[in-house]
Every structure is written in structure tokens, then in C-alpha cells.
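Letter by letter, the chains look like this.
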Amino acid sequence: QMQDIMRDLQMGGMTRHKAFGKTICAEDIYRPDNLFFANKKAPVDLPNMAVSILVDHSGSMCGERILQSMKAAILLHDFATGIGIPVAVAGHTTGNGVRYIVYSDFDAYSDKDRFRLGEMSASGGNRDGAAIEIAASRLQKRSEKIKMLIVISDGRPNDGNYYGKAAEEDITSIVAKYRRKNVEIIGAAIGSDRDAIARIYGEGFLDITDLSRLPKTLTAL
């Protein structure tokens, strides 16, 4: 589905079955819903970009959250590699400091790198700000014109004295810093986590509750 959408973007053509438009398709005139307009789509080049995916591995992500996060990371990784976009996937938790776990890096060692994504698990705490700092700084050094960091979490930073409003403000500050440096940072949320993620990441927000909608959402991003 993702490949079909991207192919359509690259080829351009006509978008049919619209309620309004500049062109009327004679073969659709019969439609009782009046969706017989069409719009011409100009071909779109794939962007020169790199993508980084960062997944919260803290204990509060256990169960369905980490499973859904792992599935989303696999889809995002597959989407990027399928159209030739450099992509890195990492997780983070705490334990004697921040643990930053690289599953697949921009310059893959082999085509088997992606199988490590199935090893994600949840335990420990999470200092999201520090992990985002690491991921964003690595991404910023890339030469691609567009740099996108997708952060998958439940919006609950928690590690010792790092929690609540102060922790959220730390994350927001680091996100703002790297957005000013031309790194697009998107917060991805599952289900009831949406309010917290929207509060922290603002306009940069992605709902991954229903993965069947992800192809169109990714294309829009």
C-alpha cells in the first residue's frame, strides 16, 4: 500500500471521484453521489531526506504499547528502506545512566539489520530529553536536506527526579532547539497517550493507534 501511494505521487496523474474539481469525467456522470469531478496531480519527486526513529523502552511501555511501538517501528523502517531513504532505529531506557540502543543505523551493516527490531522490550525509566538529544544530534550531522526524527513514547518521562512538568519542559526545550536547527521532530502516540504527546510535541504529532492508516499518514508527513 505504501509503495502504491509513493508510486502515484511520483507519476502524478488524475485524482478522480471528487465532489469538486476543474475536470468532469464523462464516464463518472452516472454516479448518484455526484462524485464525478477530477483534479490533475503533478508528479512529486521523493525528498532528499533521512529518518530516525526513537522508541521509549521504559516500564510504562510494557504490554500492548511496546508491541504496537515495535510494529510501527518495523513499518516505518520498511517504508523508508523501500524507497531508498536512510533510516536509523534506536530505543532508550535507563539503568546506570541513559541507555541508547541502536537496532539499525543509517549505514546498515547488512540487510538483516531490521530483524533486530523484533527484540524490543520495556523496563526501567526514561529520560526522553537526553535520548532525543542523542538521536537529534546524530541526525543533524547528516547531509540530507530534510531530517525527520519520529519519537514513539507514552508521554510519561520518569527517572528518579526526572518527571512531571519539569521533565516535559526539558523535552519541549530540546525539541524546540533541534527544530530551529532544521530537524523535524514528530511525537508518535498510541491511544490514550495522544493528549500527553500533543501537549509535549505540539504540531509535530502522529497517531499510530491504527497502523492500517499509517501509509497515508506517512505520505502526508
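Just above sits the structure.
Parameters at a glance
- Residues numbered from 1 in each chain as written.
- Predicted model: local features only at pLDDT ≥ 70, side-chain atom pairs only at ≥ 80, totals over all residues.
- Heavy atoms only, no water.
- Helix = DSSP H or I, 4+ residues; strand = E, 2+ residues; numbered from the N terminus.
- Buried < 20%, exposed > 50% of the residue type's maximum accessible area, 1.4 Å probe, protein only.
- Areas by Shrake-Rupley, 256 points an atom, 1.4 Å probe, with all protein chains shown as cover.
- Lys, Arg positive; Asp, Glu negative; His and termini not counted.
- Charge placed at Lys NZ, Arg CZ, Asp CG, Glu CD.
- Axes fitted to C-alpha atoms, helices over the stretch in contact; angles between N-to-C directions.
- Parallel < 35°, antiparallel > 145°, perpendicular 65-115°, else oblique.
- Contact = heavy atoms within 4.5 Å.
- Nonpolar A, V, L, I, M, F, W, Y, C, P; charged D, E, K, R; others polar.
- Pairing = 2+ DSSP bridges.
- Polar contact = N/O pair within 3.5 Å; in protein donor to acceptor, adjacent residues only side chain to side chain.

**Considerations on the overall build of the protein**
Thought 1: Each helix and strand counted, the protein has 6 helices and 11 strands in total.
Thought 2: Based on the C-alpha atoms only, the size of the protein along its principal axes is roughly 70 × 35 × 35 Å.
Thought 3: The proportion of buried residues among the 221 residues of the protein is 43%.
Thought 4: Counting every atom, the protein has about 11800 Å² of accessible surface; 51% of that belongs to carbon and sulfur.
Thought 5: If the 29 positive side-chain charges of the protein are averaged to one point and the 28 negative ones to another, these points end up 3 Å apart.

**Focus on the packing of helix α4 (residues 164–180) against helix α5 (residues 194–201)**
Thought 1: Their axes nearest at 9 Å, the elements α4 and α5 cross at an angle of 50°. Taken together, the axis directions place α4 and α5 in an arrangement best described as oblique. Contacts from Glu168, Ile171, Thr172, Val175 and Arg179 of α4 reach α5 at Arg199, Ile200 and Tyr201.
Thought 2: A breakdown of the residues in the contact of α4 with α5 according to their chemical character gives 4 nonpolar, 1 polar and 3 charged.

**Section: the sheet that holds strand β6 (residues 98–104)**
Thought 1: Strand order in the open sheet formed by 6 strands is β6-β5-β4-β7-β10-β11, with mixed pairing between adjacent strands. A single partner strand is all that each edge strand has here, and the edge strands are β6 and β11 (205–207). Strand-to-strand twist of the sheet, defined as the mean angle between neighbouring strand axes without regard to direction, takes the value 25°.
Thought 2: In terms of strand pairing, strand β7 (residues 146–152) meets strand β10 (residues 183–189) through 6 bridges, oriented parallel. When the sheet's bridge partners are listed, isoleucine 150 is paired in β10 with isoleucine 186.
Thought 3: Lying over the sheet, helix α3 (residues 128–140) contacts β4 (49–56), β5 (87–94), β6, β7 and β10, oriented at roughly 155° with respect to β7.

**Considerations on the side chain of threonine 93**
Thought 1: Within the fold, threonine 93 resides in strand β5.
Thought 2: The class of threonine 93 is buried, set by a relative accessible area of 4%.
Thought 3: At 3.2 Å, the side chain of threonine 93 forms a polar contact with the backbone oxygen of glycine 125.
Thought 4: Aside from chain neighbours lying at most four places away, what touches threonine 93 is His57, Ser58, Val98, Arg99, Ile101, Ser123, Gly124 and Gly125.

**As for the side chain of aspartate 193**
Thought 1: Within the secondary structure, aspartate 193 is located in the loop between β10 and α5.
Thought 2: Relative accessible area serves as the criterion here: at 2%, aspartate 193 is assigned to the buried category.
Thought 3: Apart from residues lying up to four places away in sequence, aspartate 193 is in contact with Arg65, Ser153, Asp154 and Arg156.

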